[in-house]
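Each chain, written out:
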Amino acid sequence: MEKEAATPALRFETHETWNYARRSTLTLPHGPCRTPMFMPVGTQGAMKGITSAQMVELDVDLMLSNTYWMNFRPGPDVVKELGGLHGLMSWPKNILTDSGGFQMVSLLDLSTVTEEGVTFKSPVNGEMTLLTPEESISIQNRLGADIIMALDDVIPSVTTGPRVLEAQERTIRWLDRCYAAHSRPHDQNLFAIVQGGLDLDLRRKCVDAFLQRDDHIPGYAIGGLSGGEEKDIFWRVVANTCAMLPPGKPRYVMGVGYPVDIVVCVAVGADMFDCVYPCRTARFGTALADVPGGVVQLRSDKFTNDQTVIDKNCKCFICKGGMTRSRLHQVACQEGGGELITYHNIAYMMNLTARLRAAITNGTFPQFVISFMKTIFPRRVDVPDWICNALAYAKISSNLLEEHYPANEQLVIDDSVFMTMVKEAGSGHIKSPYHVKDRNIHGFQKMRNVVKEGEEEGEEVPKEKTGGKKAKMEME
Ligand SMILES: [Zn+2]
């Protein structure tokens, strides 16, 4: 137990670290949470396609619920009478609610932000409604989650200019209003959200202001990311912000849920993650797995006769029970056929975070990260630069490509493969969460246009040098 911090409703103990990565226990009113932790999102007081009992079975320690929806239906007073969200959802473990602000700004065209709060057109009765920091906290106090979030001034992550500064400064003023309005600090933890866009100086100023209030802040979130910003900037904001935050308090990166992103964020010091992605993508027939690209798109015809399971290392009842990709292909192509895949995807996320924790404990964290990356990106050409940069920062590998991929690996892509990639990219049909455009096409162009004959050993070899046929054989 090297670091420990406690506020009335929270205790945070870090057990082991590997550089920035850490394994901790976050103890909340409804029991301990093991971090690094993935928090599934139950949008309207329930997970789509999965029951609370199944979530317990899957070892989920904390579920996220959206304040925005619960405020309209059934409404916070009804929820309070039903025993809060825990009673409503029959969920014995921890819950986190968001402030509602993000949904308003992102879902509603007609929302406007002023110093007073966020004004939006109610989707229920069409009236203009104002959500103030005080009202957000009052609603969350009635919903009764274990962690509640401050209302912040959310802007799209790619915003630049004076609006970023305005949002960062307003977020600090609103945080004070949130704490002043918070009526249940003894059993609800109000987290502060660091804003400041992609500007590290603004992030620093925001953290500095929060540190002056650190005594009553039980935990910190990093907001305003995962909105289409460059990945190489994304990880730097997470890493820098984590480094500025106090070591004894939990760090939650909001809206991050791609497995690779979580692995990178853990390596640079983050503890908690949430995202609708694993459940949403399941409804489109996409299963997460330790396979090249990270996903199995079960609706694809190529699984019609595939007799293997989604992921042979997965211990969920679908994979362990031997349900084949072929069977799941049939299921996934039907209306509402995503339930089994939702279950598997949550199991996958729980297993991923369990493996991260075990690797930190065992001192094998860098080996785990590298082997995971090599599973998802089996060829050098597929590994995005931002991952190499982040892993160098995390001291996991000073040069991932040179140290962990064979120097003589043949990287030439046959023309037919290339044309398939172009078609996929052009159709907007992305085969993997790691973006065909960033991965394959970019890698291919780099090989074709930049690398010339006679480059030093270990560099990509141009196609003309070896011929397509040989290249194809070596790839297989
Ligand atoms: Zn499974």
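Structure's up top.
Below, the structure is looked at part by part. Nothing here was measured: the structure is a model prediction, and the numbers come from that model.

Reading the values: rules and limits
Residues numbered from 1 in each chain as written. Predicted model: local features only at pLDDT ≥ 70, side-chain atom pairs only at ≥ 80, totals over all residues. Helix = DSSP H or I, 4+ residues; strand = E, 2+ residues; numbered from the N terminus. Contact = placed C-beta atoms within 7 Å. Core = buried A, V, L, I, M, F, W, Y, C linked by C-beta atoms within 7 Å. Buried ≥ 20, exposed ≤ 12 C-beta atoms within 10 Å, placed from the backbone. Pairing = 2+ DSSP bridges. Axes fitted to C-alpha atoms, helices over the stretch in contact; angles between N-to-C directions. Parallel < 35°, antiparallel > 145°, perpendicular 65-115°, else oblique. Left-handed = near helix turned anticlockwise from the far one by under 90°. Nonpolar A, V, L, I, M, F, W, Y, C, P; charged D, E, K, R; others polar. Arc of directions from axis to C-beta.

### Brief notes about the overall build of the protein
Okay, step 1: In terms of helices and strands, the protein carries 21 helices and 18 strands.
Okay, step 2: When contacts within the protein are restricted to residue pairs at least 6 apart in sequence, long-range pairs at least 24 apart make up 67% of them.

### A word on the nonpolar core
General note: in soluble globular proteins, nonpolar side chains tend to be found buried as a group.
Okay, step 1: Membership of the largest hydrophobic core comes to 117 residues, with the highest contact counts inside it found for Ala150, Phe191, Val238, Val253, Cys265, Ala267 and Val268.
Okay, step 2: Considering every element that reaches this core, the biggest residue donor is helix α14 (residues 339–362), with 12 residues.
Okay, step 3: In this view, Val238 contacts Ile222, Leu225, Val253, Cys265, Val268 and Ala270; residues no more than four positions away in its chain are not counted.
Okay, step 4: Among the nonpolar cores identified, the runner-up in size contains six residues, and Tyr68, Met104, Val113 and Val118 belong to it.

### Quick notes on the pairing of strand β8 (residues 94–97)
Okay, step 1: Neither face of β8 is open: one carries Asn94 and Leu96, the other Ile95 and Thr97, and all of them are buried.
Okay, step 2: As defined by bridge partners, strand β7 (residues 62–65) adjoins β8 across four bridges and the pair is classed as parallel. Among the inter-strand pairings, Leu62 is bridged to a residue of β8, identified as Asn94.
Okay, step 3: Strand direction decides the pairing type here: β8 and strand β12 (residues 147–149), joined by two bridges, are parallel. Across the sheet, residue Thr97 finds its bridge partner in β12, namely Ile148.

### Things to note about the environment of Arg327
Okay, step 1: Looking at the secondary structure, you find Arg327 in helix α13 (residues 325–332).
Okay, step 2: Residue classification places Arg327 among the partly exposed positions, given that 17 C-beta atoms sit within 10 Å.

### What to know about the packing of helix α8 (residues 200–211) against helix α9 (residues 231–244)
Okay, step 1: Packing of α8 against α9 brings their axes to within 10 Å, and their N-to-C directions diverge by 30°. Between α8 and α9, the crossing angle belongs to the class labelled roughly parallel. Where α8 crosses over α9, the two elements pack in a sense that is right-handed. Residue-level contacts link Leu200, Arg203, Arg204 and Val207 of α8 to Val237, Asn240, Thr241 and Met244 of α9.
Okay, step 2: Within the contact of α8 with α9, the residues separate by chemical class into four nonpolar, two polar and two charged.

### Regarding the sheet that holds strand β11 (residues 128–131)
Okay, step 1: Taken together, three strands build an open sheet; the order of strands is β9-β10-β11 and the sheet is antiparallel. A single partner strand is all that each edge strand has here, and the edge strands are β9 (112–113) and β11.
Okay, step 2: Two strands pair when backbone bridges link them, and β9 and strand β10 (residues 118–121) are joined in this way by two bridges, in the antiparallel orientation. Looking at the pairing, Val113 lines up with Val118 of β10.

### Observations concerning the environment of Thr35
Okay, step 1: Along the chain, the position of Thr35 falls in strand β4 (residues 31–35).
Okay, step 2: The exposure class assigned to Thr35 is buried, which follows from the 28 C-beta atoms found within 10 Å.
Okay, step 3: Residues Thr35 and Thr353, spaced 318 residues apart in sequence, show a C-alpha to C-alpha distance of 7.7 Å.
Okay, step 4: Residues within four places of Thr35 in sequence aside, it is in contact with Ser24, Leu26, Pro250, Asp271 and Met272.

### Examining α13
Side chains that are three or four residues apart share a direction in an α-helix, a result of its 3.6 residues per turn.
Okay, step 1: Every buried residue of α13 is listed here: Arg325, Leu328, His329 and Ala332. In a view along the axis of α13, the buried residues occupy a sector of 110°, so they form one face of it.
Okay, step 2: The inward-facing, buried residues of α13 abut β18 (295–297) and α14.

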